[in-house]
Amino acid sequence: AQSVTQLGSHVSVSEGALVLLRCNYSSSVPPYLFWYVQYPNQGLQLLLKYTSAATLVKGINGFEAEFKKSETSFHLTKPSAHMSDAAEYFCAVMNQAGTALIFGKGTTLSVSS
Amino acid sequence: DTGVSQNPRHKITKRGQNVTFRCDPISEHNRLYWYRQTLGQGPEFLTYFQNEAQLEKSRLLSDRFSAERPKGSFSTLEIQRTEQGDSAMYLCASSVRGTEQETQYFGPGTRLLVL
């Protein structure tokens, strides 16, 4: 069965610093992986997705993620944090049937000036 | 493309009452999904529709929950005899064809509080 683990429920960075949000997955089949962002009292917005076309995936707002099969990881990074990046971030894997997303518990990103 | 919309955005009800939520997917999206998100957790899958057919239900969807998608357009999620444990954000999403790699677009959610 597929599952996702997000290491660190809360990450704090200074404005301009590197953002690194960790995600490890478990899957018995080649995974389809996604990162979503959720701002307070809003739904989820797709940041990027891995669909096996390329291991380094670029998304919106300057975010990118690298798929590493040997480490079963799909960590999200951004070179320089902005105040507007403060939000909750969810890593997700598509289930084997291709019918539902399985989400991690989320990581709250705080950005200080 | 106006995005996925959900109504109401907030609902407060007393234990034992019935509530109904509505989701309008992006037009021409064949698949529609319902998820539930409790505080401090990621969304959890409840059910999905391919056009008007409900094809899968999670074990989280107890007998008190029922979802419909008449004519394959909007969908409703009804909770009967609400319990305090039903308090959560209910999220709706839709996708075009429902392939594994396809993006699910989420609505803003309906936040339910059961007193």
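Criteria and thresholds
- Residues numbered from 1 in each chain as written.
- Chains lettered and ligands numbered in written order.
- Predicted model: local features only at pLDDT ≥ 70, side-chain atom pairs only at ≥ 80, totals over all residues.
- Heavy atoms only, no water.
- Helix = DSSP H or I, 4+ residues; strand = E, 2+ residues; numbered from the N terminus.
- Rg over C-alpha atoms; globule rule 2.2 N^0.38 Å.
- Buried < 20%, exposed > 50% of the residue type's maximum accessible area, 1.4 Å probe, protein only.
- Contact = heavy atoms within 4.5 Å.
- Areas by Shrake-Rupley, 256 points an atom, 1.4 Å probe, with all protein chains shown as cover.
- Lys, Arg positive; Asp, Glu negative; His and termini not counted.
- Charge placed at Lys NZ, Arg CZ, Asp CG, Glu CD.

Turning our attention to the overall build of chain B. Summing up its helical and strand segments, chain B has zero helices and eleven strands in all. Seen in sequence order, chain B has helices and strands lined up from the N terminus as β-β-β-β-β-β-β-β-β-β-β. A compact globule built from 115 residues should have a C-alpha radius of gyration of about 13 Å, and chain B, at 13 Å, falls within 12% of that. Summarising its shape, the C-alpha atoms of chain B cover approximately 40 × 25 × 20 Å along the three principal directions. In chain B, which comprises 115 residues, the share counted as buried stands at 47%. Summarising the internal contacts of chain B: among those between residues at least 6 apart in sequence, 54% fall at separations of at least 24. In the structure as shown, chain B presents an accessible area of about 5,900 Å², 44% of it carried by carbon and sulfur atoms. Chain B carries 15 positive and 13 negative side-chain charges, and their two centres are separated by 7 Å.

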